[in-house]
Structure formats: structure tokens, C-alpha cells
Amino acid sequence: MQPYRKDLKQFSRNLRANMTEAEQFLWRRLRGKQIDGVQFYRQKPLLSFIVDFYCPVAQLVIELDGGQHFDTDHEVKDRERDAMLTAIGLRVLRFDNQQVLRETEVVLAVIYEWVVSQKLNPP
């Protein structure tokens, strides 16, 4: 189990109850072990963050980025966050909301490729 701040649990519950349209859309395709039989979690606390989606078997974090993520200050924070998650052995995949909504099959193919590669070659 990956480390996380316990005080983030309630906040993550609130985020699960108020997911963005893109998060809801992708969750419908990830939940119930639809991707190669692996479990995904949504709005999962990891370290001092709450990641959008997490798959422990594949050591995978999926982040969906809205418009605010393209602001320079936010991009710097995202890079720092990704570096911290990578440092504990996780792979971070980022997609913008429009990719998820308009290019769903491409997004799912990228996720599937990573999951399968990790199942075939575990760390």
C-alpha cells in the first residue's frame, strides 16, 4: 500500500461525489475491472495528493487536466507532483479533459497498453 496523509480521506470522498464530466466519463470505462481485469480507484489519496485514478497492480496514476492545468504556475506544480509520484515507483499518465471526451478509445488504448506491459513485466 502506498503512503498517504490520513487527513485527505474526507476530501477525497467529497471529490468522488463531485467528479468532473471527464472524470465521470472515464470512470465508467475503468470501474469494475474493465481494463484487463485490474482494479482502479478514483480520487485516491497518495502521499500528500489526491490523484484522479490509481491502479495499484500496474503502479499507474491517471490524471485528467482541465484548462487550469495549462497555466504556467499549475504546470510547474504538476511536474513537481509527477516527480514525487514517480519517485515512489508510479507511472503518471496525463490526459486533458477534451482528449477523454473526444478521443476516448485512444486514451483507453494508452491505459490498456501500460496495464498489460506491467502485468507482463512486473517491477
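See the structure printed just above.
Report on the accompanying structure.

About the cut-offs
- Residues numbered from 1 in each chain as written.
- Predicted model: local features only at pLDDT ≥ 70, side-chain atom pairs only at ≥ 80, totals over all residues.
- Heavy atoms only, no water.
- Phe/Tyr/Trp six-rings, centres within 6.5 Å; stacked < 30°, edge-to-face > 60°.
- Helix = DSSP H or I, 4+ residues; strand = E, 2+ residues; numbered from the N terminus.
- Buried < 20%, exposed > 50% of the residue type's maximum accessible area, 1.4 Å probe, protein only.
- Pairing = 2+ DSSP bridges.
- Axes fitted to C-alpha atoms, helices over the stretch in contact; angles between N-to-C directions.
- Contact = heavy atoms within 4.5 Å.

### Some details on the packing of aromatic side chains
Two aromatic rings are characterised by how far apart their centres lie and by the angle between their planes.
Right, on to step 1. Scanning the entire structure with this criterion turns up one aromatic pair.
Right, on to step 2. Summarising the aromatic geometry, the rings of Trp27 and Phe53 are spaced 6.0 Å apart at their centres and angled 15 degrees between planes, so their arrangement reads as stacked. With a gap of 26 residues between them, Trp27 in helix α2 (residues 21-30) and Phe53 in strand β2 (residues 49-55) connect regions that are remote in the sequence.
Right, on to step 3. On the basis of relative accessibility, which here comes to 12%, the residue Trp27 falls in the buried class.

### Some thoughts on the sheet that holds strand β4 (residues 91-96)
Right, on to step 1. With respect to topology, four strands assemble into an open sheet ordered β1-β2-β3-β4, the strand pairing being mixed. Edge strands, defined here as strands with exactly one partner in the open sheet, are β1 (41-46) and β4. For this sheet the average axis-to-axis angle between neighbouring strands, irrespective of direction, equals 45 degrees.
Right, on to step 2. The pairing of β2 with strand β3 (residues 60-65) spans three bridges and is antiparallel. Note that in β3 the partner of Tyr54 across the bridge is Val61.
Right, on to step 3. Its contacts with the sheet put helix α1 (residues 9-17) on β1 and β2, and the angle it makes with β1 is roughly 155 degrees.

### Observations regarding unusual backbone geometry
Right, on to step 1. A positive phi angle is found at Lys33, which is not glycine, with a value near 60 degrees.
Right, on to step 2. Inspection of the secondary structure assignment puts Lys33 in the loop between α2 and β1.
Right, on to step 3. Unlike most non-glycine residues, Gln43 shows phi in positive territory, near 50 degrees.
Right, on to step 4. By the secondary structure assignment, Gln43 is in strand β1.
Right, on to step 5. Overall, the relative accessible area of 3% leaves Gln43 in the buried class.

So, to be careful, I would describe these as geometric facts and stop short of saying anything about function.
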